Amino acid sequence: MPLSSPCSAHISILMPPSPPRSPHISILMPPSPPRSPHISILMPPSPPRSPHISILMPPSPPRSPVLKDLKRKVQEKEERFNSLESLDNMNAKLEELQKQMAWALVTEMEKELLPLQEKLQSDKRCTEKYNEKVEEWKNKVVEAENKYKQIHEQLENITLRVQELQPQCAQLKAEAQRCNARHKSSEVSVHRCKTNLRDLEKDKTQLSSRINELKLSISQTTGAESQARAEQMEQIQAELHNLAHQESTLRQQIDQYQQASSRAKDELDKMSQEQDSLQRSMNSKRRNLQTMESSRSNRLRRFGEHMPMLLSTIQEAHQSGQFRQKPRGPLGYCIRPKDPELALAIEICLMNQLQAFTCDNYEDEKVLKAIMSRIIRRGRRPTIITSAFLPRVHDTSRRCVDHPLYPSVLQSLEIEDPVVANCLIDQRGIESILLIKNRAEARRVMQDRNPPRNCTQAFSQDGDQIFTNRSYTAEQTRANYLSGDVEEEIRLLEGEVENQSAQLTQFQQQMRKVEEDIRQNDGLLSRAHMEQKKTKDKARKLQLMLADLQNVEEPQSEDLKPLEEDLEETIGKISAKHIEYVAAQADMAQLKASCEEAEQEYEQHKDHISRVAEEADSIKEELSKSDQDVVKCKHHQNHYEEKRCCHLDNIQTLEVDLNSKKQELETSVAKAIQICSERLTVDRTPRSLDTEISRLRVKITTQQDQQGDRLEIMRQYREAVGKYKDVAQQVETLNDSIKTLDSINNDSLKSLAELRTFLSYRCQCYFNSMLDQRGFTGSMKFDHKRETLSISVQQASGANADGSDMRSLSGGERSFSTVCFVLALWAVTEAPFRCLDEFDVYMDMVNRNIATGMMLKVATTQRFRQFIFITPQSMSSLPVSKYINILRLKDPARGGNDEEEEQE
């Protein structure tokens, strides 16, 4: 029966259970495996080892990876250790550069000191020139004043001469006027005579023509027609008189209507202007009210609704790098009055600067203008002031006003940004403007004979602007941008808006009433003009009719003799008038000659006065020029005196700066000596040295950060070298141990192979000896390479003792062979407990007795081990011995179910 099982140091084969044979033991057995003449057992991967030999092999230590890793670390530490030398070189170079830097600073300060000394010497030499200039202009002032006095004396002499000539000129003028009047009267007489002659000649002509007409007239008219025409003319004249009276009345009415309409229109214009002014004021106050209400949460809205967006856009542009310096503004937002009562005065003083912005350069101004044009599309844009930004506030100690009682605008403001303060100082001069609450006190202080020094103007609490020679009243009544109490301002503005709204409503009612009066006057005036036109047309028609009636000539039946007498009388008058005309012409010629003589004398005298006056005018021009020369010389004198003072101040400042520079130089030399006792000649500039020192320090710092502490690096390097040496020594020791263990292991393997061969042979011998007791022969073939075991059992007697007749073995014989195989295995194993179950299930009594005897014999020879045999058969045939203990189990309880199972 071939079997295959793993082979190990302890082999235990469990036989399959046999069916129950006695009523005492009942075991369900699986079907029996098929018979086979050979038994095959699969060997384990390792050969069986002796239970007495146990070799514990330590894990071989890593060789090259550990050493390589340690060697790599040692090389890294060595590199870092070697890099300390370059760090020392850089530190030495840094120290040398610091020494050069110290003496380079000394050299630079000495170079800076030389121009100051040269400039000081040059300025001291220039002091004499300034003194000469001052003395020169002093002499010129004296000369100009003397010249001015001489010219002034000449002008006074000429003025006296003119005053002496004036009375005589007046007499000549009066005489010339009298002569001229007599001449005019003579001309009137001549003209009158000439006119009388012309009239007499005309009368003569008319009388002659009349006489001729009367002689030739043949037409006659009746008296009745003349009377009717006279009556009609009287009637027309009466109507014309009435129309003239009516026209006069209408003219008076028209004048009255025109005057009333003109007065009403003037009043309406005034009221319209007042309404517009009131409307603008109310709109302005409403805008201010809206601004105040919106400024409750944001004070920027006081300066315009667009201002928050404008400032946010400026901030974004500044963050994006569009500005070199961020513009400041609005300036009113950057300042705050210390005294709220002076807010109105400060606001009126600064005016347009409150909403202005200031830029550092013109490039920033262009960017700011572009932003403003994008944000503020309509309305007036804030002013942009371009001035370089300085980190400190201007020194105004020389030109500021310092009053013991009243502050300046600069002193009354809280300004955190020096750029804003400098802008207001440059643009408005706030350091020289006083703020005085009382208006009368402000006028007294400013318009007194001695106004405060450096004070150009002052502002009262009400906003009045006071100069030394004039003052202006403010139109603004409250502060719009700098006020502190917003709620109070809103309440006052609301009250003013309500009052102005009521006034506006009243104005509108009055204007409607005046407009109604104007319409009524215009209607009455239009009707009066119509009536006047009708009256004039009617009067003109009547006058035409009257003229026609008057032009009708009717022949008169008068005598020719009176007309002829009149003609003769007229001729006589003409002769007399002609004689009178000739005498008047002679008189007029004489008066004309005397008048011309008087006028000529007056003109000559007048020309003499004019020439004297012209001399006075030229002298006045010279006096004016001399006065200008005096002013100019005084101005130049003051100018050079101020320049000399400034020059002396500059010299003093230069001396102070020079002394401070010398002290700084001495301090620098002392520091340089402390750093390097010997003076070094340095060609490089401190800036380049500073740049190289900074770069070297950064490099040293970076290398130190990369390398770490110097002592730590050295310690780590020593530790790494020591550790590497220790590990190398340990590796060498372990390598020797490994070689020794390899040798021992090889010897053990050889011994194990011999032991395995011996055990295999021993097991085979035991197996054959066991089979011999039954008369069987068999063999066991161990293949240690393939780890297999082949078993064959044969009957020794018989003709067919061939391996092919193994099928002829019974079940008991096969069980006996198995028992022999197990006992042979027990012989080569060292298990303290040995158990065999149902070994005799398929055996007959002969084989069972032989097998039992063999097992008892083996158990008797190995008393130091425990043997346990389990069988369903009876063991009563066993001999009694103190080493054998038989345990019998109770028979299991059987019921109907068990019987059914047995039947199945």
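Starting afresh in each chain, residues are numbered from 1 along the sequence in its written order. Per-residue local features are limited, in this predicted model, to residues with pLDDT of at least 70; the limit for side-chain atom pairs, both in listing and counting, is 80 or more; totals at the level of whole chains, interfaces and linings are taken over all residues. Water and hydrogen atoms were dropped before computing side-chain values, which therefore reflect all heavy atoms in the structure.

Colleague: Can you help me understand the overall build of the protein in this one?
Modeller: Only DSSP runs of H or I reaching four residues or more are called helices, and only runs of E reaching two or more are called strands; each is numbered from the N terminus. Looking only at helices and strands, one finds 14 helices and 13 strands in the protein. With a 1.4 Å probe rolled over the protein chains alone, any residue whose accessible area is under 20% of its type maximum counts as buried; one over 50% counts as exposed, and the rest are partly exposed. Evaluated residue by residue, the protein yields a buried proportion of 33% over its 904 residues. The contact definition used throughout considers only heavy atoms, calling two residues in contact when any of these lie within 4.5 Å. A separation of at least 24 residues holds for 81% of the contacts in the protein among residues at least 6 apart in sequence. Surface accessibility of the protein: about 58,000 Å² in total, with carbon and sulfur atoms responsible for 49%. A 1.4 Å probe and the Shrake-Rupley method give the accessible areas. Residues count as covered only by the protein chains that appear here.

Colleague: I tried to follow the packing of helix α12 (residues 811–827) against helix α13 (residues 845–861) on my own but got confused; where do I start?
Modeller: A pair of packed helices can be characterised by two numbers: the angle between their axes and the separation between those axes. Fitting a line to C-alpha atoms yields each axis, with helices limited to the stretch in contact; the angle taken between N-to-C directions then spans 0 to 180 degrees. It is at 10 Å that the axes of α12 and α13 come closest, and there the two elements cross at 10°. The angle between α12 and α13 places the two elements in the roughly parallel class. Side by side, α12 and α13 meet where Gly812, Glu813, Phe816, Val819, Cys820 and Leu823 of the first sit next to Asn847, Ile850, Ala851, Met854, Met855 and Val858 of the second. If an angle is under 35 degrees, it is roughly parallel; if it is over 145, roughly antiparallel; if it lies from 65 to 115, roughly perpendicular; otherwise it is oblique.

Colleague: Help me understand the environment of methionine 588 in this model?
Modeller: When you line up the elements, methionine 588 lands in helix α9 (residues 560–675). Put simply, methionine 588 and histidine 183 are 405 residues apart on the chain and 6.1 Å apart in space, counted from C-alpha to C-alpha. If we skip the residues at most four places from it in the chain, methionine 588 touches His183, Ser186, Glu187 and Val190.

Colleague: Would you mind going over helix α5 (residues 362–375) with me for this structure?
Modeller: An α-helical segment advances 3.6 residues per turn. Residues three or four places apart therefore align on the same side. Between its terminal C-alpha atoms α5 stretches 20 Å, which fits the 20 Å expected from 14 residues at 1.5 Å a residue. Among all positions in α5, only Asp364, Glu365, Leu368, Ile371 and Met372 are buried. The arc enclosing the buried residues of α5, seen along the axis, measures out at 125°, which places them on a common side. Seen from the open side of α5, the exposed residues pointing more than 90 degrees away from its buried face are Tyr362 and Lys366. Definition of a polar contact: a pair of N or O atoms within 3.5 Å, with one able to donate and the other able to accept a hydrogen when the atoms are protein atoms, and with sequence-neighbouring residues admitted only if both atoms are side-chain atoms. Two or three places before glutamate 363, at the opening of α5, asparagine 361 has a side-chain oxygen 3.2 Å from that residue's backbone nitrogen. Each helix should span, by expectation, one fewer than its residue count multiplied by 1.5 Å. To be clear, the arc concerns the directions from the helix axis to the C-beta atoms.

Colleague: I tried to follow the nonpolar core on my own but got confused; where do I start?
Modeller: Burial of nonpolar side chains together is a common tendency in soluble globular proteins. Grouping buried Ala, Val, Leu, Ile, Met, Phe, Trp, Tyr and Cys residues that are joined through side-chain atoms within 4.5 Å yields what is termed a nonpolar core. If you look at the biggest cluster of nonpolar residues, it comprises 40 residues, and the most contacted ones within it are Leu310, Ile335, Ile346, Leu350, Leu368 and Val409. For this core, the secondary-structure elements that each account for two or more residues are α3 (307–319), α4 (343–350), β3 (357–359), α5, β4 (384–386), α6 (418–428) and β6 (433–435). The element that contributes the greatest number of residues to this core is α4, accounting for seven residues. Those residues in contact with leucine 368 that lie beyond four places of it in its chain are Ile314, Phe323, Pro327, Phe357, Cys359 and Ile384.

Colleague: Before we go on, may I ask you to explain the pattern of salt bridges in this structure?
Modeller: Any two side chains of opposite charge can pair if their charged atoms end up close together. Criterion for a salt bridge: a side-chain nitrogen of Lys or Arg within 4 Å of a carboxyl oxygen of Asp or Glu. Summed over all chains, the structure comprises 17 salt bridges. Across the pair aspartate 783 and arginine 786 runs a salt bridge whose closest N-O atoms are separated by 2.5 Å. Its relative accessible area of 22% is what places aspartate 783 among the partly exposed residues. By relative accessible area, arginine 786 is classed as exposed at 65%.

Colleague: Before we go on, may I ask you to explain the layout of surface pockets in this structure?
Modeller: It is a probe the size of a water molecule, rolled over the atoms, that shows where empty space is left. Volume-wise, the largest pocket comes out at about 1,400 Å³. Surrounding the largest pocket, 36 residues form its lining, Ser284, Arg287, Asn288, Asn480 and Tyr481 being those nearest its centre. Every element with two or more residues in the lining of the largest pocket is listed here: α2 (223–294), α4 and α8 (486–551). For the lining of the largest pocket, the leading source of residues is α2, giving eight residues. In this count, Pro and Cys sit with the nonpolar residues alongside Ala, Val, Leu, Ile, Met, Phe, Trp and Tyr, while Asp, Glu, Lys and Arg are called charged and the others, Gly among them, polar. Looking at the lining of the largest pocket residue by residue, the classes come out as ten nonpolar, 14 polar and twelve charged. With a 1 Å grid spanning the protein atoms alone, the term cavity applies to any set of points in which a 1.4 Å probe fits but cannot get out, the term pocket to an open set with protein on both sides within 12 Å along at least five of seven lines, and the term lining residue to any residue with an atom within 4 Å of a point. Grid points are joined across faces, edges and corners, and a volume is the space filled by probe spheres set on the points.

Colleague: Can you walk me through the environment of phenylalanine 357 in this structure?
Modeller: Within the secondary structure, phenylalanine 357 sits in strand β3. For phenylalanine 357, a relative accessible area of 0% corresponds to the buried category. Sequence-wise, phenylalanine 357 and leucine 368 are eleven residues apart; in three dimensions their C-alpha atoms are separated by 9.1 Å.

Colleague: It is not clear to me how a negative patch on the surface should be interpreted in this structure. Could you clarify?
Modeller: Among the surface-exposed residues, Glu596, Glu599, Glu603, Asp607, Glu614, Asp617, Glu621 and Glu622 lie close enough to one another that they form a single negatively charged patch. Relative to the helices and strands, glutamate 622 is located in helix α9. Judged by its relative accessible area of 41%, glutamate 622 is partly exposed. Like-charged residues are merged into a patch within 9 Å and nonpolar side chains (Val, Leu, Ile, Met, Phe, Trp, Tyr) within 5 Å, provided each residue has over 30% relative accessible area and no salt bridge. Positive charges come from Lys and Arg alone, negative charges from Asp and Glu alone, with His and the N- and C-terminal ends not counted. To locate a charge, take NZ of a lysine, CZ of an arginine, CG of an aspartate or CD of a glutamate.

Colleague: What's the story with the pairing of strand β12 (residues 833–837) in this structure? I'm lost.
Modeller: Where a strand is regular, its side chains alternate between the two sheet faces. Taking every second residue as pointing to the same face, the buried face of β12 carries Arg834 and Leu836, while none of Phe833, Cys835 and Asp837 on the other face is buried. Here, strands pair whenever DSSP counts at least two bridges between them. When β12 meets strand β13 (residues 866–870), the two strands line up parallel, connected through five bridges. In the strand pairing of β13, phenylalanine 833 is matched with glutamine 866. For a crossover, the right-handed case is the one in which the path from the first strand over the helix to the second runs clockwise, viewed with the strands pointing away from the viewer. Note that the unit made of β12, α13 and β13 has a crossover that is right-handed.

Colleague: Explain the sheet that holds strand β7 (residues 457–459) to me, please; I cannot follow it from the model alone.
Modeller: Backbone hydrogen bonds hold the strands of a sheet together, and the pairing may be parallel or antiparallel. Read across the sheet, four strands follow the order β6-β7-β8-β9 without closing on themselves; strand pairing throughout is mixed. Of all the strands in the sheet, the pair left with one neighbour each is β6 and β9 (471–472). Looking at chain direction, β6 and β7 are connected through three bridges and run parallel. Across the sheet, the residue bridging to leucine 435 is phenylalanine 459, located in β7.

Colleague: Would you mind going over α4 with me for this structure?
Modeller: Of all eight residues in α4, eight are buried, a share of seventy percent or more. Turning to α4, its buried residues number three or more, namely Ala343, Leu344, Ala345, Ile346, Glu347, Ile348, Cys349 and Leu350. Methionine 351 occupies a position one or two residues after α4 and carries a positive phi of about 50°.

Colleague: Where do I start with the environment of aspartate 629 in this structure?
Modeller: Take aspartate 629: it is sitting in helix α9. A residue is classified by how much of its surface remains accessible, and aspartate 629, at 34% relative accessible area, is partly exposed. Each C-alpha atom of the pair aspartate 629 and lysine 147 lies 9.7 Å from the other, and the pair is 482 residues apart in sequence.

Colleague: How should the packing of aromatic side chains be read in this particular structure?
Modeller: The geometry of an aromatic ring pair is captured by two quantities: the separation of the ring centres and the angle between the planes. The pairing test for Phe, Tyr and Trp rings, Trp by its six-membered ring, is centres within 6.5 Å, and the orientation test on the planes gives stacked under 30 degrees, edge-to-face over 60, and tilted for anything in between. Within this structure, the stated rule accounts for seven aromatic pairs. Taken together, a centroid distance of 6.2 Å and an interplanar angle of 75° make the contact between phenylalanine 776 and phenylalanine 816 edge-to-face. You can see phenylalanine 776 sitting in strand β10 (residues 776–783) and its partner phenylalanine 816 sitting in helix α12, a full 40 residues away along the chain. The burial state of phenylalanine 776 is the same as that of phenylalanine 816; both residues are buried. Between phenylalanine 867 and phenylalanine 869 the ring centres are 6.2 Å apart and the planes differ by 15°, which places this aromatic pair in the stacked class. Taken together, the aromatic side chains of Phe303, Tyr333 and Tyr481 make up a single cluster linked through ring pairs. A ring has a charge above it when a Lys NZ or an Arg CZ is no more than 6 Å from the ring centre and no more than 35 degrees off the ring normal. Over the aromatic face of tryptophan 137 sits the side chain of lysine 140, whose NZ or CZ is 4.1 Å from the ring centroid. Between arginine 470 and the ring centre of phenylalanine 467, over which it is positioned, the NZ or CZ distance is 4.2 Å.

Colleague: Can you walk me through unusual backbone geometry in this structure?
Modeller: Residues apart from glycine generally show negative phi values, whereas peptide bonds are mostly found in trans. The omega angle of the peptide bond from glycine 329 to proline 330 is -10°, so this bond is cis rather than trans. A positive phi angle, near 65°, is found at asparagine 454, a position not held by glycine. Among the secondary structure elements, asparagine 454 is positioned in the loop between α7 (439–446) and β7. Owing to a relative accessible area of 27%, asparagine 454 belongs among the partly exposed residues under this scheme. One non-glycine residue, glutamate 787, adopts positive backbone phi at about 60°. Structurally, glutamate 787 is set in the loop between β10 and β11 (788–795).

Colleague: Would you mind going over the confidence of the model for the protein with me for this structure?
Modeller: Any segment with low pLDDT has predicted coordinates that should not be analysed in fine detail. Across the protein, the average pLDDT comes to 77, with 84% of residues at 70 or higher. β3 holds the highest mean pLDDT among the elements of the protein, 94, whereas strand β1 (residues 38–42) holds the lowest, 32. Every residue in residues 798–805 scores below 50 in pLDDT, and together they form seven contacts with partners more than four places removed in sequence or on other chains. Scored from 0 to 100, pLDDT records how confident the predictor is in each individual residue. Low pLDDT, under 50, characterises residues 898–904; the stretch is placed with two contacts to residues that sit more than four places away or in other chains.

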